[in-house]
Amino acid sequence: GENVEQHPSTLSVQEGDSAVIKCTYSDSASNYFPWYKQELGKRPQLIIDIRSNVGEKKDQRIAVTLNKTAKHFSLHITETQPEDSAVYFCAASIKTGTASKLTFGTGTRLQVTL
Amino acid sequence: KAGVTQTPRYLIKTRGQQVTLSCSPISGHRSVSWYQQTPGQGLQFLFEYFSETQRNKGNFPGRFSGRQFSNSRSEMNVSTLELGDSALYLCASTGTSGRETQYFGPGTRLLVL
């Protein structure tokens, strides 16, 4: 089955700096890659996603890149703010027919310090 | 639209008991997936239901089961609870527009004593 590895497990950056979280996946058939943010005590919330036919996607301060050949994708957060502090999860999904199953990375705890 | 809801939000059980958790998806969503979240294992996929049928299953023992009703609400049952079943159980719903975006509920925190 699919296996997703995520690094680093913890990341501390100063406010205003950039943060990069990297994930690799094992199954070349994976075609959908969402990123979720989970604040303490809250549910995971989708922040950005990318499909296998796109190499990069940007939404304001957040961007995701995908390298299908190397089977890795990354989340980039620029101009970090204290409210960006949370746990971030990457995931990969293989869609077969109408069924899909998300396999998650183990999460990155991002701390933005003042 | 109202978001995904889960009941109960918190639950305390003892070893050997069984528990049933409920999930109501976003109106119009027909797919419901269940995940177990623990500090050590992260988010692990349990199963997915669509139109009352289980479409996908993760690597959990048979003590974990689920079902989906005609109104797309889903229940998850864990029998013969073990200490290691203590976790946050999240459900997520997906629409049928062809997109895979999953929207999560707030979760049910289960503590097994």
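Use the structure listed above.
First, a word on what this report is: a plain description of the structure on this page. (Residues numbered from 1 in each chain as written. Chains lettered and ligands numbered in written order. Predicted model: local features only at pLDDT ≥ 70, side-chain atom pairs only at ≥ 80, totals over all residues. Heavy atoms only, no water.)

A short note on the packing of aromatic side chains
How we decide: Pairing of aromatic side chains requires ring centres within 6.5 Å, counting the rings of Phe and Tyr and the six-membered ring of Trp. Pairs whose planes differ by under 30 degrees are stacked, by over 60 edge-to-face, and all others tilted. A 1.4 Å probe rolled over the protein chains alone gives each residue an accessible area, and that area as a share of the maximum for its type sets the label: buried under 20%, exposed over 50%, partly exposed in between. To qualify as a helix, a DSSP run of H or I must reach at least 4 residues; to qualify as a strand, a run of E must reach at least 2; elements of each kind are numbered from the N terminus. Counted as over-ring charges are cases with an Arg CZ or a Lys NZ within 6 Å of the ring centre that also lie within 35 degrees of the ring normal.
Tallied over the entire structure, the rule returns 13 aromatic pairs over all chains. With a centroid separation of 4.7 Å and an interplanar angle of 45°, the aromatic rings of A:Tyr25 and A:Phe33 are classed as tilted. For A:Tyr25, a relative accessible area of 6% translates into the label buried. Given a relative accessible area of 0%, A:Phe33 falls into the buried group. When the ring of A:Phe104 is compared with that of B:Tyr35, the centres are 5.4 Å apart and the planes differ by 90°; the resulting orientation is edge-to-face. You can see A:Phe104 sitting in strand 10 (residues 99-104) and its partner B:Tyr35 sitting in strand 4 (residues 31-38), one on each of two chains. Comparing A:Phe104 with B:Tyr35 shows no difference in burial state: the two are buried. An aromatic cluster is present here, built from A:Tyr36, A:Phe89, A:Phe104, B:Tyr35, B:Phe45 and B:Phe104 joined pairwise through their rings. Lying over the aromatic face of B:Phe50, B:Arg55 brings its terminal NZ or CZ to 4.2 Å of the ring centre.

A look at the pairing of strand 11 (residues 108-113) of chain A
Residue and element names in this part refer to chain A. Selection criterion: Pairing between strands is defined by DSSP: at least two bridges between the two strands are required.
Only one face of strand 11 is covered, namely the one carrying Thr 108, Leu 110 and Val 112; the face carrying Arg 109, Gln 111 and Thr 113 has none of its residues buried. With 5 bridges joining them, strand 2 (residues 10-14) and strand 11 adopt parallel strand pairing. Across the sheet, the residue bridging to Thr 10 is Arg 109, located in strand 11.

So, the environment of B:Ser86
Residue and element names in this part refer to chain B. Our working rule: Pairs of residues are marked as contacts when any of their non-hydrogen atoms sit within 4.5 Å. Under the rule applied, a polar contact is a pair of N or O atoms within 3.5 Å (in protein, one hydrogen donor and one hydrogen acceptor; residues adjacent in sequence only if both atoms are side-chain atoms).
Mapped onto the elements, Ser 86 comes out in the loop between strand 8 (74-78) and strand 9 (87-94). Residue classification places Ser 86 among the partly exposed positions, given a relative accessible area of 23%. The sequence separation of Ser 86 and Leu 110 amounts to 24 residues, and the corresponding C-alpha distance is 5.3 Å. Once you skip the residues sitting within four places of it in the chain, Ser 86 turns out to touch Thr 38, Leu 110, Leu 111 and Val 112. A polar side-chain atom of Ser 86 sits 2.8 Å from the main-chain amide nitrogen of Val 112.

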